[in-house]
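Observations on the model geometry
Residue strings, one per chain:
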Amino acid sequence: MTATDAGPADVWTMFLATAQRSPAAVAIESPGASLTFEEVVAASRRLAAAFGDAGLGSGSVVHLALGNTPTFLPAFLALRSMGVTVGLVSSRSRDSELQAVSEQMPPDAFLVASDLVPVVLHAVGGTEVAVGSLGAGHPDLTLVRQQPSEPRPAGDLAIVKFTSGSTGRPKGVGMTERSLVAEAHNCVATFGLRAGDRVVAPVPLSHAYGFHLAILPVLLAGTCAVAHASFIPKLVLGALAHPATAMFLGVPSMYRVLLETGRADAPDLSHVRYMASAAAPLPPSLVARFHEAWGIAVCNVYGSSETGFAAANVPSEALDHPGSVGRQAIAVQVRAIDEDGNTLPPGEEGEIAASGRGVGSGYVSGERAEAFIDLGDGVTEYRTGDIGVIDADGYIFLLGRRDHVINVGGLKVYPAEVVRALEQVPGVTGARAFAAKDPQGEEVVHAAVTVSGPTSESEILAFCRSNLAEHKVPRQVQVVDSLESAEETKMSKLSGGA
Amino acid sequence: METAQVVDRLRTVLSASVLGDRGGEVAGDVPFGHEGVGLDSLALVHLLTRIEKEFDVELPYDMWADASRLSLDDCAAAITRVRTPGGPPG
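This section reports on the structure supplied with the text.

**Observations concerning the interface of chain A and chain B**
The interface of chain A with chain B comprises 10 residues on the first partner and eight residues on the second. Mapped onto the side of chain A that touches chain B, the elements with two or more residues apiece are α8 (233–240) and α9 (252–261) of chain A. For the side of chain A that touches chain B, the element with the highest residue contribution is α9 of chain A, accounting for five residues. Taken together, the residues of the side of chain A that touches chain B sort by class into six nonpolar, three polar and one charged.

**Examining unusual backbone geometry**
Phi angles above zero are rare outside glycine, and Arg368 of chain A is one such case at about 45°. Within the secondary structure layout, Arg368 of chain A lies in the loop between β19 (362–363) and β20 (372–376). Phi is positive for Asp56 of chain B, close to 50°, though the residue is something other than glycine. Inspection of the secondary structure assignment puts Asp56 of chain B in the loop between α2 (41–55) and α3 (61–65).

**Description of the sheet that holds strand β25 (residues 428–437) of chain A**
Within a sheet, neighbouring strands are paired by backbone hydrogen bonds and run either parallel or antiparallel to one another. Residues and elements named next belong to chain A. The strand order across the open sheet formed by three strands is β25-β26-β27, and the pairing between neighbours is mixed. Of all strands in the sheet, those with a lone pairing partner are β25 and β27 (476–479), marking the two edges. Strand-to-strand twist in this sheet, taken as the mean axis angle between neighbours without regard to direction, amounts to 25°. One ladder, built from nine bridges, connects β25 with strand β26 (residues 443–451); its direction is antiparallel. Considered in β26, the bridge of Ala436 is made with Val444. Each of β25 and β26 is contacted by helix α12 (residues 415–423), which is oriented at about 145° to β25, the strand it contacts most. Helix α13 (residues 457–467) rests against β25, β26 and β27 of the sheet, and its axis sits at about 135° to β27.

**Let's talk about the sheet that holds strand β4 (residues 85–88) of chain A**
Residue and element names in this part refer to chain A. Pairing is mixed in the open sheet, where eight strands are placed in the order β6-β7-β5-β3-β4-β8-β9-β19. Strands at the two margins of the open sheet, each flanked by one partner only, are β6 (127–132) and β19. Strands β3 (61–65), β4, β5 (109–113), β7 (141–145) and β8 (157–163) of the sheet are contacted by helix α3 (residues 72–81), whose axis makes an angle of about 175° with β3.

**Describing the nonpolar core**
Residue and element names in this part refer to chain A. The biggest cluster of nonpolar side chains holds 154 residues, and the ones touching the most others in it are Leu64 and Leu249. Examining the composition of this core, we find that 11 residues originate from one element, helix α7 (residues 208–221), more than from any other. The contacts of Leu249, once residues within four sequence positions are left out, are Val199, Val200, Ala201, Val203, Tyr209, Gly210, Leu213, Ala214 and Ala276. In terms of nonpolar packing, the next biggest core, distinct from the first, is built from 23 residues, Ile406, Ala421, Val449 and Val451 among them.

**Some details on the pairing of strand β2 (residues 33–36) of chain A**
Residue and element names in this part refer to chain A. Bridge count between strand β1 (residues 26–30) and β2: four bridges; the pairing is antiparallel. Residue pairing for β2: Ser30 is matched across the bridge by Ala33. Hairpin connection from β1 to β2: two residues lie between these consecutive antiparallel strands, with Gly32 at a positive phi of about 95°.

**Focus: the packing of α9 of chain A against helix α10 (residues 284–294) of chain A**
All names here are of chain A. The contact between α9 and α10 brings their axes to 10 Å, and the two run at 40°. As judged from the angle between their axes, α9 and α10 are oblique. The element α9 and its partner α10 pack so that their crossing is left-handed. Counted together, Pro252, Tyr255, Arg256 and Leu259 of α9 and Leu286, Arg289, Phe290 and Ala293 of α10 form the full contact between these two elements. Among the residues making up the contact of α9 with α10, the classes are represented as six nonpolar, no polar and two charged.

The rules behind these values
Residues numbered from 1 in each chain as written. Chains lettered and ligands numbered in written order. Predicted model: local features only at pLDDT ≥ 70, side-chain atom pairs only at ≥ 80, totals over all residues. Contact = placed C-beta atoms within 7 Å. Helix = DSSP H or I, 4+ residues; strand = E, 2+ residues; numbered from the N terminus. Nonpolar A, V, L, I, M, F, W, Y, C, P; charged D, E, K, R; others polar. Pairing = 2+ DSSP bridges. Axes fitted to C-alpha atoms, helices over the stretch in contact; angles between N-to-C directions. Core = buried A, V, L, I, M, F, W, Y, C linked by C-beta atoms within 7 Å. Buried ≥ 20, exposed ≤ 12 C-beta atoms within 10 Å, placed from the backbone. Parallel < 35°, antiparallel > 145°, perpendicular 65-115°, else oblique. Left-handed = near helix turned anticlockwise from the far one by under 90°.

None of the figures reported here should be taken as evidence of function without further support.
Here it is in structure tokens:
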């Protein structure tokens, strides 16, 4: 089955069809609260009416910062049923993150649990509109209305995922409705998820990992999302013991903690089809130790806010391919490419690129537009910036980040930090910082910038010297016409200087 | 065991599990989370797991759920409470 088969083209219609098949089944639960499919339908309609009364409608933008609660699902669906673009924002966000998501994508409102209202008001101001609660055990919802002043990106985005990575400054990745539906098919088909399967997620539903693998399958396949707000080993093990648990969305640290708590009182987990790990490198030694102690092969899952779910290992193969992040997902093509975008032969090192209909359409800010390539028919390829190798059997191995850390005489420099400083220089419209080799073969920082007026390289360097620690100041700044060409220069410098 | 001794042992666990040398400087009433020591949620889970092992106690769920606001003193009080015969159950 492919995502283009006749079928609902939007997530709300898709969910209604799914809900009709098993209205009384639980769609989403957290410790202490749950909602069945029919309850989610009713709650979504109720919330949509309340949001409509508050003046929201098609074309509005609402940043959903709810955290892991069953209310997340009807709140999301209510907004989508109205044609509202939903920003998925962490409920742990504070001033700088909330301000950054507001700048990237000015919202008409934030939708939050009431305890977050003071935080939002402090960060970005606004007017409170009480929405109420779905009942005992569910949070009180509040809309914090904003008055977006700037024009916003085109209104055909269904969701915007905010990613920070190691750079600290969130970037919004847009996905269209069609892309969301396709991604739901990709996740469900790759993992063989079925109605009633439970996916246990102690990871944020607002992040790509939790949203794509715990929420999207509920909408399409009728799975149940078991969302925990935090990783409490005994509670999570209790949830995993449920015989219908098909998948666990973990991160490496959780497996380390489980190793430490030991198996003594742990339930049998042999019915769990996928114990997954994402969001951080999963060391082969941890996989081996966990398998030895628990008899379970932890499966690496590869993806990002930009790509969605791109690749995974399956339990029967995970142990035989240590260090691999797995093979491409059913509806995704993953390839290693050279600087010109040509596919490299198996075993050759290059940049990892992932394409599919579930890949994001780009950053809402328009940054790095060159990394998202429209291949037509709704398919986008994203150049991840990850450097890796794909072997002859299709197993993907990551070797590092192209732009990760520049090592200047043993001191680490994050390119993003340099870029942030460069972008503050008056007249600079875009910047990139990258590693280069100095004549002695030592790694140093070089930068490329685009400018809107007469800004000289020496002025830019002078600004950097007063704003950055010495070792972070670029050794060289080049004014370029487009950062895309700088990107190529950077690749050739890296490969040439090694 | 005196509460002060428990706090000292807890400080050792804090150093050994997540903080390294810096653990010795943490005052008894400083919360473990971002408003104090600065531990993230998984580091907190790591710490509480170690504490349960080291003292052979089971900490109540509300402590796990609200771990970022706990301090060494809170943990010491909870450990003393669950170990005192006739005290409230954990």
